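The residues making up each chain are set out below.
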Amino acid sequence: MTTSRTTPTPPADSPAYRPSAAKRAQLWLANHFAVIAAVLVLLYLFLPVAYTFAFSFNDHGKTNIVWQGFTLEHWKDPCGVPGACESLVTSLQVGAISTFVATVLGTLMALAMVRYRFRGKAASNVLIFVPMATPEIVMGAALLTIFVQGFANIGVDLGFGTIVFAHIMFCLSFVVVTVKARIQSLDPRIEEAAQDLYASPMQTFWKITFPLILPGILGAAMLAFSLSFDDFIITNFVSGNENTFPKFVYVASRRGIPAEANVIGFSMFVLAVLLVVGAQAVGSVRASRYKNRVEE
């Protein structure tokens, strides 16, 4: 009498084990799902940017909606459309002024809210989020009412000044929150060590605190500038006859955005990417230098 023997299946971690094609595909998909999802999200986010870049070369007629042919004329003269570069300069000026003022005030507010105790501190921490949570159309209408009823009595009309005032107001909260998070991540013992070495409060701030919070300040400034440059809703309420680049694009979209606007928009995108990459490169270089010093 003979008995049949079945060959045992090797374990999954054995070199002799070879899963089926479907199993291998399932394992590969499970291991790379996060990467695939990230790539798809990035493609979705950058699809409008790719459209803007492609149609900046469109040899269009009255409207820049349907592809007509390739040309470099729009890149040779981005200011060929009346009002394009003028509105761009206005947006850059508004963004620079509002970013500087909001960054200075926001940094001081963040330092006060983290390092000092005062009455109403808890309420201030809550109220600082109110402008961020308020819909822009509500804030724009409220600011318009203030400017028309209040500023008009002192001879201030809607225009460049009211735009800057409004942009400082809604950028301030973002600066405070960003810098505040950076300050809260610092170790207070570093500043205490400086004071133990007979450093004055001013020396401690400029030589210890400020260099440590500078990345947060720069990040807040970049965020404030992008918010200011990109804003349309609030600006449309308080700008009067002043024209910014988002307003120019909105008005031009009714008859077809010209390719020159695509050229300017894509150029600003490239500039922003270069700034971010440059900041990351500088941070990496500084981190490597610090690591080398520690190892030495």
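Before any of the text, the structure's been laid out above.
Small disclaimer: the values here were computed from a predicted structure and weren't measured.

*Asks:* For this particular structure, what's the right way to read the packing of helix H4 (residues 84-115) against helix H8 (residues 160-184)?
*Replies:* Packed helices, taken two at a time, are described by the angle between their axes plus the distance between the axes. Running from amino to carboxyl end, H4 crosses H8 at an angle of 40°, the nearest separation of the two axes being 6 Å. Compared by their axis directions, H4 and H8 come out oblique. Considering how the two elements wind past one another, H4 and H8 form a crossing that is right-handed. Residue composition of the contact of H4 with H8, grouped by class: 20 nonpolar, 8 polar and 2 charged.

*Asks:* Looking at this structure, how should I read unusual backbone geometry?
*Replies:* Most peptide bonds take the trans form, and the phi angle of most residues other than glycine is negative. Although it is not a glycine, Tyr-198 sits at a positive phi angle of roughly 70°. By the secondary structure assignment, Tyr-198 is in the loop between helix H9 (188-196) and helix H10 (201-230). On the accessibility criterion, Tyr-198 (76% relative accessible area) is exposed.

*Asks:* Would you take a moment to explain the layout of surface pockets for this structure?
*Replies:* One simple way to see leftover space: roll a probe sized like a water molecule over the atoms. Approximately 930 Å³ is the volume found for the largest pocket. In this structure, the largest pocket is lined by 27 residues; those nearest its centre are Phe-229, Asp-230, Gly-265, Met-268 and Phe-269. For the lining of the largest pocket, the elements supplying multiple residues, two or more each, are helix H2 (33-55), H10, helix H12 (245-253) and helix H13 (259-295). With 10 residues, the top contributor of residues to the lining of the largest pocket is H13. Taken together, the residues that form the lining of the largest pocket break down as 20 nonpolar, 6 polar and 1 charged. The computed volume of the second largest pocket comes to approximately 540 Å³. In terms of lining, the second largest pocket is formed by 17 residues, of which the most central are Pro-211, Pro-215, Val-282, Gly-283 and Arg-286. Counting only elements with at least two residues in the lining of the second largest pocket, the list comes to H10 and H13. No other element matches the 9 residues that H13 contributes to the lining of the second largest pocket.

*Asks:* Looking at this structure, I do not really get empty space enclosed by the protein. What am I missing?
*Replies:* One pass over the full model with this rule turns up 1 cavity of 30 Å³ or more. Considering only enclosed or pocket space, the largest cavity measures out at about 40 Å³ in volume. Residue lining of the largest cavity: Ser-91, Val-94, His-167, Ser-228, Phe-229, Asp-231, Thr-235, Thr-244 and Pro-246, and that is the complete set. Of the residues assigned to the lining of the largest cavity, the class counts are 3 nonpolar, 5 polar and 1 charged.

*Asks:* How should I be thinking about the nonpolar core in this particular structure?
*Replies:* One recurring pattern in soluble globular proteins: nonpolar side chains tend to sit buried together. With 23 residues, the main nonpolar core has Leu-143, Val-175, Val-179, Ile-183, Ile-213, Ile-234 and Val-238 as its most contacted residues. The element contributing the most residues to this core is H8, with 9 residues. In this view, Val-238 contacts Gly-140, Leu-143, Leu-144, Phe-147, Leu-158, Gly-159, Thr-162, Ile-163 and Ala-166; residues no more than four positions away in its chain are not counted. By size, the runner-up hydrophobic cluster in this structure holds 10 residues, among which are Leu-88, Phe-248, Ala-261 and Met-268.

*Asks:* Before we go on, may I ask you to explain the packing of aromatic side chains in this structure?
*Replies:* Between two aromatic rings, the relevant description is the distance of the centres plus the angle of the planes. Applying the stated rule across the entire model yields 17 aromatic pairs. Ring centres of Phe-53 and Phe-266 lie 4.6 Å apart, and the angle between their planes is 40°; this geometry places the pair in the tilted category. With Phe-53 in helix H2 and Phe-266 in helix H13, this residue pair connects regions lying 213 residues apart in the sequence. Owing to a relative accessible area of 35%, Phe-53 belongs among the partly exposed residues under this scheme. Between Phe-266 and Phe-269, the aromatic rings sit 6.0 Å apart at their centres with planes inclined by 35°, giving tilted as the arrangement. In this pair, Phe-266 and Phe-269 are both assigned in helix H13, 3 residues apart and thus about one turn of the helix distant. Judged by its relative accessible area of 17%, Phe-266 falls in the buried class. In textbook terms, an aromatic cluster arises when at least three aromatic residues are bridged by ring pairs, as seen for Phe-46, Phe-53, Phe-57, Phe-70, Trp-75, Phe-266 and Phe-269.

*Asks:* Looking at this structure, I do not really get the pattern of salt bridges. What am I missing?
*Replies:* Where charged atoms of side chains with opposite charge meet at close range, the side chains can pair. Evaluated as defined, the whole model comprises 3 salt bridges. Across the salt bridge formed by Glu-191 and Arg-115, the nearest N and O atoms sit 2.4 Å from each other. With Glu-191 in helix H9 and Arg-115 in helix H4, this pair connects stretches of sequence that are 76 residues apart. With a relative accessible area of 12%, Glu-191 lands in the buried category. Relative accessible area serves as the criterion here: at 30%, Arg-115 is assigned to the partly exposed category. Across the pair Arg-189 and Asp-187 runs a salt bridge whose closest N-O atoms are separated by 3.0 Å.

*Asks:* Got a minute to help me understand the state of the cysteines in this structure?
*Replies:* Enumeration according to the criterion identifies 1 disulfide in this entry. Across the disulfide, Cys-79 is cross-linked to Cys-85 (sulfur-sulfur distance 1.8 Å). One disulfide, between Cys-79 and Cys-85, carries an S-S torsion of -85° and so falls in the left-handed class. What makes Cys-79 partly exposed here is its relative accessible area of 43%. According to the relative accessible area criterion, Cys-85 is buried, its value standing at 17%.

Each value, and the rule that gives it
Residues numbered from 1 in each chain as written. Predicted model: local features only at pLDDT ≥ 70, side-chain atom pairs only at ≥ 80, totals over all residues. Heavy atoms only, no water. Axes fitted to C-alpha atoms, helices over the stretch in contact; angles between N-to-C directions. Helix = DSSP H or I, 4+ residues; strand = E, 2+ residues; numbered from the N terminus. Parallel < 35°, antiparallel > 145°, perpendicular 65-115°, else oblique. Left-handed = near helix turned anticlockwise from the far one by under 90°. Nonpolar A, V, L, I, M, F, W, Y, C, P; charged D, E, K, R; others polar. Buried < 20%, exposed > 50% of the residue type's maximum accessible area, 1.4 Å probe, protein only. 1 Å grid on protein atoms, 1.4 Å probe; cavity = no way out; pocket = protein on both sides within 12 Å on 5 of 7 lines; lining within 4 Å. Points joined across faces, edges and corners; volume = space filled by probe spheres on them. Core = buried A, V, L, I, M, F, W, Y, C linked by side-chain atoms within 4.5 Å. Contact = heavy atoms within 4.5 Å. Phe/Tyr/Trp six-rings, centres within 6.5 Å; stacked < 30°, edge-to-face > 60°. Salt bridge = Lys/Arg side-chain N within 4 Å of Asp/Glu carboxyl O. Disulfide = S-S within 2.5 Å.

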